[in-house]
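# Descriptive structure summary
Each chain, letter by letter, is given below.
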Amino acid sequence: MIENEHFENQQHEWESALQVTGTDQPAVQVNPKALERLMLSRQKLLPLKEYVDGILAGDITILSKAITLVESSLPAHQKLAQDIIAECIPHSGKALRLGITGVPGAGKSTFIEALGMELCHQDKRIAVLAIDPSSQRSKGSILGDKTRMEELSQQRNAYIRPSASAGTLGGVARKTREAIILCEAAGFDTIIVETVGVGQSETAVYSMVDYFLLILIGGAGDELQGIKRGIMEMADGIVVNKADGDNVTRAERAAAEIRNAVHLFPPSESEQPVNVMTCSATTHYNVPEVWNMVLNHVENIRKSGYLNEKRARQDVQMMLDTIENTLKSNFYENTLIKDMLKLVENDVENKRVSAYEGARRLLELYEVPHYASLRSE
C-alpha cells in the first residue's frame with residue numbers, strides 16, 4: 001500500500017535539484033538528515049484532532065504523516081507527535097505483535113510477505129514495520145522492504161512502513177514502539193516488526209512484541225555457528241526457512257539439531273515450549289502452520305496471564321528507554337555541549353586528555369546549568 005505519495009515525490013524532486021547535472025562532475029552527496037529537516041520544515045502540520053481522527057478512521061496517509069512526525073528529531077514535531085501518541089494509547093493494545101529476526105540471507109522479507117499474504121486472505125489487517133540498517137557514515141538507509149514485498153505492498157489490508165535504524169543497536173528504530181501504538185489505533189490487528197538481523201541488542205525487539213520468531217536456514221554450514229545463545233533463548237519459536245527443492249533434507253537436519261540445542265536451554269519465562277519448524281516462504285510450505293504456532297502460543301500465554309504481565313513490563317521498559325533517549329538528546333542539543341564537544345574531541349584524539357577525562361569534563365559542563373536550577377528550587 002503506497003503511503004504519503006506526494007511527500008515521497010517531493011523528496012525525489014529535492015534530491016534531483018541538489019545534484020550536479022549537465023557536467024562531468026559527480027553528483028553532490030546529499031546529507032539525509034539535512035534533507036529530512038528540509039522536507040519536514042516544508043510539510044504543513046495538521047491540527048492534533050485531524051491526526052487523531054484520521055488515524056482512528058484508518059486513514060493510511062494520515063498514519064504515515066504521524067509516524068514521520070514521530071521519527072522526526074525537530075522539537076516542534078516531537079511535541080505534536082507525543083500529543084498524538086497520548087490520544088492514541090487508549091485505542092491501542094488489541095493487536096498481536098510479532099517480532100521477526102534471523103541470520104542474513106534467511107529470507108525474512110520473503111517469509112513476511114508469504115505470511116502477510118496468508119493473513120490478508122484471512123481478512124486480517126497487517127502492518128509491517130521493517131527496520132533497515134543505517135550507514136554509520138552517511139546515516140542514510142536503503143529502505144527497500146517495499147520493493148522486496150511487492151505483492152504484499154499492493155494489498156488493501158496491508159501497510160508496510162520501512163524505517164531507518166538510525167544507529168540503534170539491534171536494528172530497531174528508536175520510535176518503533178510509538179509506531180506500533182499508532183498502527184494499532186489505526187485498526188491493524190497484526191503488527192510485524194522485522195529487524196535488520198542477528199545483532200547485539202535483539203532484546204529491544206523482545207521488549208516490544210508478544211511473540212519473538214527466529215528464522216534460520218539449513219545447509220549453510222554449522223547451523224548454530226555465529227548465532228548468539230541469548231537470542232535463541234529469547235525465541236518463542238524457530239523456523240528453518242528455504243525447505244524446498246534439494247534443500248529439504250538439509251533443512252530437516254538443521255531443525256533436528258536446533259531442537260536438540262533448545263532442550264539444553266533453561267525453561268522460558270512463559271513456560272511454553274519453543275517449537276522448531278521447517279518452512280518454505282517461496283512455495284508457501286508450512287507458512288499457515290507457522291502462523292498457527294504463533295496463535296497457539298499467544299493464546300496460551302493470554303490464558304495464563306503471562307501476556308498481560310509481559311506487556312506491563314514492556315511499558316516500564318518503554319518508560320526507561322524514553323528517559324534514556326531524552327537525556328541523550330538533551331545532552332547533545334545543549335548549547336554548552338555543542339560549543340565544547342569538538343574541542344574536547346580534538347583533545348582526546350591528540351592524547352592531551354583521556355577519553356574518561358573528556359567525558360567527565362562534558363558531563364560536568366552539562367550538570368552545572370541543570371542541577372544548579374534544581375537546587376535553587
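Position numbers for residues start from 1 in each chain and track the written sequence from start to end. Thresholds applied to this predicted model are a pLDDT of at least 70 for local features of residues and 80 or more for the giving and counting of side-chain atom pairs; totals over whole chains, interfaces and linings are not thresholded and use all residues. Side-chain numbers come from the whole structure's heavy atoms, not from hydrogens or water.

Where helices and strands are cited, they refer to DSSP runs of H or I of at least four residues and of E of at least two residues respectively, numbered from the N terminus. What the chain contains, in helices and strands, is 16 helices and seven strands. The buried share of the chain, taken over its 377 residues, is 46%. Any two residues whose heavy atoms approach within 4.5 Å are treated as being in contact. By sequence separation, contacts in the chain at least 24 residues apart represent 75% of the contacts at least 6 residues apart. Note on exposure labels: buried denotes an accessible area under 20% of the residue type's maximum, exposed denotes more than 50%, and partly exposed covers the range between, all computed with a 1.4 Å probe on protein chains only.

To continue, consider the confidence of the model for the chain. Overall, the prediction assigns the chain a mean pLDDT of 81, with 74% of residues at 70 or greater. A score from 0 to 100, pLDDT tells how confident the predictor is in each residue. Averaged pLDDT values for the elements of the chain fall to 44 in helix 1 (residues 5–17) and rise to 97 in helix 13 (residues 287–304). Here residues 134–144 scores under 50 on pLDDT; set against residues more than four positions off or in separate chains, the count is 22 contacts. The low-confidence segment residues 167–171, where pLDDT is below 50, has 12 contacts with residues more than four positions distant or belonging to other chains.

What follows concerns helix 14 (residues 306–333). Across its 28 residues, helix 14 extends 40 Å between first and last C-alpha, which sits within 8% of the 40 Å expected from 1.5 Å per residue. Taken together, the buried positions of helix 14 are occupied by Tyr306, Leu307, Lys310, Arg311, Gln314, Met318, Asp321 and Phe331. A helix is expected to span 1.5 Å multiplied by its residue count minus one.

On to a nonpolar patch on the surface, then. A patch consists of residues whose relative accessible area exceeds 30% and which take part in no salt bridge; residues with like charges are grouped when within 9 Å of each other, and nonpolar side chains (Val, Leu, Ile, Met, Phe, Trp, Tyr) when within 5 Å. A 1.4 Å probe and the Shrake-Rupley method give the accessible areas. Residues count as covered only by the protein chains that appear here. One speaks of a salt bridge when a side-chain nitrogen belonging to Lys or Arg is within 4 Å of a carboxyl oxygen belonging to Asp or Glu. Residues Val316, Met319, Leu320, Ile323 and Leu327 make up a contiguous nonpolar surface patch of about 450 Å² in total accessible area. For Leu320, the position within the fold is in helix 14. Classification of Leu320 by relative accessible area gives partly exposed; the value is 42%.

What follows covers the environment of Arg125. Topologically, Arg125 is positioned in the loop between helix 6 (108–121) and strand 2 (126–132). A relative accessible area of 22% places Arg125 in the partly exposed class. Between the C-alpha atoms of Arg125 and Thr190, which are 65 residues apart in sequence, the distance is 6.4 Å. With sequence-adjacent residues up to four places away left out, Arg125 is seen in contact with Gly58, Ile60, Asn157, Ala186, Gly187, Phe188, Asp189 and Thr190.

It is worth spelling out the nonpolar core at this point. Side chains of a nonpolar character, in soluble globular proteins, are inclined to be buried together. In this structure, Leu182 and Leu213 are the most contacted members of the largest nonpolar core, which totals 87 residues. When near neighbours in sequence (up to four residues on either side) are disregarded, Leu182 contacts Ile55, Leu63, Ala66, Ile67, Val70, Ile84, Ile85 and Cys88. Grouping buried Ala, Val, Leu, Ile, Met, Phe, Trp, Tyr and Cys residues that are joined through side-chain atoms within 4.5 Å yields what is termed a nonpolar core. Counting five residues, the second largest nonpolar core, distinct from the first, contains Ile337, Val344, Leu362 and Tyr366.

Another point: the packing of aromatic side chains. The aromatic pairing rule takes the rings of Phe, Tyr and Trp, using the six-membered ring of Trp, and pairs them if the centres are within 6.5 Å, calling planes under 30 degrees apart stacked, those over 60 edge-to-face and the rest tilted. If you walk through the whole model with that rule in mind, you get four aromatic pairs. Ring centres of Phe331 and Tyr332 lie 5.1 Å apart, and the angle between their planes is 90°; on these two criteria the pair is classed as edge-to-face. Using a relative accessible area of 11% as the deciding quantity, one classes Phe331 as buried. Ring geometry for Phe331 against Tyr366: centres 5.2 Å apart, planes inclined by 65°, an arrangement best described as edge-to-face. Linking Phe331 in helix 14 with Tyr366 in helix 16 (residues 355–376), this pair joins segments that are 35 residues apart in sequence. Each member of the pair, Phe331 as well as Tyr366, carries the same accessibility label: buried. Members of the aromatic cluster, joined through ring pairs, are Phe331, Tyr332 and Tyr366. Cation over ring: Arg125 sits above Phe188, and NZ or CZ is 4.1 Å from the ring centre. Counted as over-ring charges are cases with an Arg CZ or a Lys NZ within 6 Å of the ring centre that also lie within 35 degrees of the ring normal. Positioned above the aromatic ring of Tyr206 is the side chain of Lys310, whose terminal nitrogen or guanidinium carbon lies 4.4 Å from the ring centre.

What follows concerns helix 6. Given a rise of 1.5 Å per residue, 14 residues ought to cover 20 Å, and the 20 Å separating the end C-alpha atoms of helix 6 matches this to within 8%. Judged by how many residues are buried, helix 6 sits mostly within the fold: 12 of 14 residues are covered. Following helix 6 by one or two positions, Asp123 adopts a phi angle in the positive range, close to 60°.

If you trace the backbone, Asp189 turns up in the loop between helix 9 (176–185) and strand 4 (190–194). For the pair Asp189 and Arg97, spaced 92 residues apart in the sequence, the C-alpha separation amounts to 8.6 Å. Sequence-distant contacts of Asp189, defined by excluding residues within four places in its chain, comprise Ala95, Leu96, Lys124 and Arg125. In protein, a polar contact requires one atom able to donate a hydrogen and another able to accept it; more generally it is a pair of N or O atoms within 3.5 Å, and residues adjacent in sequence count only if both atoms are side-chain atoms. Among the polar contacts listed, one links the side chain of Asp189 to the side chain of Thr190, at a separation of 3.1 Å.

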